[in-house]
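Below, each chain spelled out in residue letters.
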Amino acid sequence: MPDLRDLLRAEWRYLTTFQQSDRLWQMPLAAALCTGLPLLIGAWFDRTGAAMAASLGGLVFLYLPPTPLHHRMVFLMACAFGLIGAYTLGTLSHFVPGLMVPVLVFTAIVVTMVCRYYRVGPPGSLFFVMAAAIGAYTPTAPAEVPAAVGLAAMGTLLACLIAFFYSLHALRVRAAQPVAPLPPAGFDDVVFDSVVIGVFVGLSLLLAQLLQLEKAYWVPVSCLAVIQGATLRAVWTRQVHRILGTGLGLLLAWGVLLLPLDRWTLPLVFMLLSFVIELLVVRHYALAVVFITPLTILLAEIATLGQTPPGELVVARFVDTLLGSVVGFAGGACLHSPGFRRAVGGPMRRLVPARMRGREEGS
């Protein structure tokens, strides 16, 4: 019994610990503008549903690094290109349901490899995969695909513009961090982990399809958010944080969906949620997830908002989170298992030509 009490006490400590952060308050404000302004523009033209893609593109602002201005803008534009590509692939897979899983696996593997090779910090590959998943489950006619992709590109362009002016202020009050040289790229970290992560993300979506879960875009996103923990302890903590945070967040989402939202109040609610999330996410992940959940539901359901009863929508997203978190924890357990790495990593390593592993072997 003392061991159980100690275990519960340790879990409670992990759940209630707040991290220190020196993030400028203007950063959450700029992030809120990146995702909210497209919706306000859409409201002005009475095209709130179409503005969803532009708002999704605005999420690229969250990849802004604390480096000198010339580096951070080039870095952000590269991320914008990746986000547009991921959203395009996901949107195209909507028309061939059998391709949804392979496209998501491919996207997750490639963006995770790139993020790990270039040491992209949090949120890592998360928003690229989320853009692909939301695109795959957004009802779009074939003729509307170019417009949707164009709107996503315009959203990233707006985010880069806001990032530029935010950076001018941030670099006045805080010195930029130097651009660190890239460390040697290891096969296990860049290739093996990325393939395993991509396979488990695809497996989570496949299970959701076999269970006939409707609009299961949140399943692979939850899986990826959990599996990216640096240690098995971190994977477990993220799983618990995500399930508890989502449970509370769904109650908040239920309340938000019961509000008389219109094309003008929806962007304001969206910006408020974005601001609170960016204040909290670096301090306490579970508390941030409470607000991430209604934000994501609003983002993905804008085009069909009001067509599904709030209670039904809330239950569906909780099931998605639970399934994705369980698969993500299983994937994290495999990633941090030496036996699994020996059994799967060895044959995988032999498939890669030696010249492509030169950097690792020479390090």
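Every value quoted in this text rests on a predicted model; they were computed, and no experiment measured them.

Basis of the calculations
Residues numbered from 1 in each chain as written. Predicted model: local features only at pLDDT ≥ 70, side-chain atom pairs only at ≥ 80, totals over all residues. Heavy atoms only, no water. Helix = DSSP H or I, 4+ residues; strand = E, 2+ residues; numbered from the N terminus. Core = buried A, V, L, I, M, F, W, Y, C linked by side-chain atoms within 4.5 Å. Buried < 20%, exposed > 50% of the residue type's maximum accessible area, 1.4 Å probe, protein only. Contact = heavy atoms within 4.5 Å. Polar contact = N/O pair within 3.5 Å; in protein donor to acceptor, adjacent residues only side chain to side chain. Phe/Tyr/Trp six-rings, centres within 6.5 Å; stacked < 30°, edge-to-face > 60°. Axes fitted to C-alpha atoms, helices over the stretch in contact; angles between N-to-C directions. Left-handed = near helix turned anticlockwise from the far one by under 90°. Nonpolar A, V, L, I, M, F, W, Y, C, P; charged D, E, K, R; others polar. Salt bridge = Lys/Arg side-chain N within 4 Å of Asp/Glu carboxyl O.

A word on the environment of P309
Next, step 1: By the element assignment, P309 lies in the loop between α12 (285-301) and α13 (310-335).
Next, step 2: In this structure the C-alpha to C-alpha distance between P309 and L258, which are 51 residues apart in sequence, comes to 9.3 Å.

Observations concerning the nonpolar core
Next, step 1: Among the nonpolar cores identified, the biggest contains 93 residues, and F61 and M130 are the most heavily contacted of them.
Next, step 2: Per element, the largest residue contribution to this core is 10 residues, and it comes from helix α6 (residues 126-136).
Next, step 3: Not counting residues within four places of it along the chain, the set of residues in contact with F61 comprises M27, A30, A31, C34, L76, A159, A163 and Y166.

Thoughts on the side chain of T67
Next, step 1: Topologically, T67 is positioned in the loop between α3 (52-57) and α4 (69-93).
Next, step 2: By relative accessible area, which is 8% here, T67 ends up buried.
Next, step 3: Of the polar contacts made by the side chain of T67, one reaches the side chain of H71; its length is 2.8 Å.
Next, step 4: Residues within four places of T67 in sequence aside, it is in contact with R72, L171, A176, Q177, P178 and V179.

Here's the deal with the environment of L99
Next, step 1: Within the secondary structure, L99 sits in the loop between α4 and α5 (100-117).
Next, step 2: The spacing of L99 and A136 is 37 residues in sequence and 9.7 Å in space, taken between C-alpha atoms.

Here we look at the packing of aromatic side chains
Aromatic rings considered in pairs are described by the distance between their centres and by the relative angle of their planes.
Next, step 1: Following the criterion strictly, the structure yields six aromatic pairs and no others.
Next, step 2: Ring plane angle 70° and centroid distance 5.8 Å describe the contact between F61 and Y166, whose orientation is recorded as edge-to-face. Here Y166 lies in helix α7 (residues 145-173) and F61 lies in the loop between α3 and α4, a separation of 105 residues in the sequence.
Next, step 3: Accessibility expressed as a relative area gives 13% for Y166, which makes it buried.
Next, step 4: Among the aromatic residues, those joined into a cluster by ring pairs are Y63, F127 and F128.

Let's talk about the packing of helix α8 (residues 187-210) against helix α9 (residues 218-227)
Next, step 1: Put simply, α8 and α9 touch, their axes get as near as 8 Å, and they point 145° apart. As α8 runs across α9, the sense of the crossing is right-handed. Together, I197, F200, V201, S204, L205 and A208 of α8 and V219, P220, C223, L224 and I227 of α9 make up the contact between the two elements.
Next, step 2: Residue classes in the contact of α8 with α9 are distributed as 10 nonpolar, one polar and no charged.

Quick notes on the pattern of salt bridges
Next, step 1: Scanning the model with the defined rule gives four salt bridges in all.
Next, step 2: In this structure, the salt-bridge partner of R116 is D189, at a minimum N-O distance of 2.9 Å. Taken together, the residues R116 in helix α5 and D189 in helix α8 connect sequence positions 73 residues apart.
Next, step 3: The exposure class assigned to D189 is partly exposed, which follows from its relative accessible area of 29%.
Next, step 4: With a shortest N-O distance of 2.7 Å, D193 and R341 are connected by a salt bridge. With D193 in helix α8 and R341 in helix α14 (residues 338-351), this pair connects stretches of sequence that are 148 residues apart.
Next, step 5: Using a relative accessible area of 23% as the deciding quantity, one classes R341 as partly exposed.
Next, step 6: Overlapping salt bridges, with partners in common, bring together R116, R119, D189, D193 and R341 in one network.

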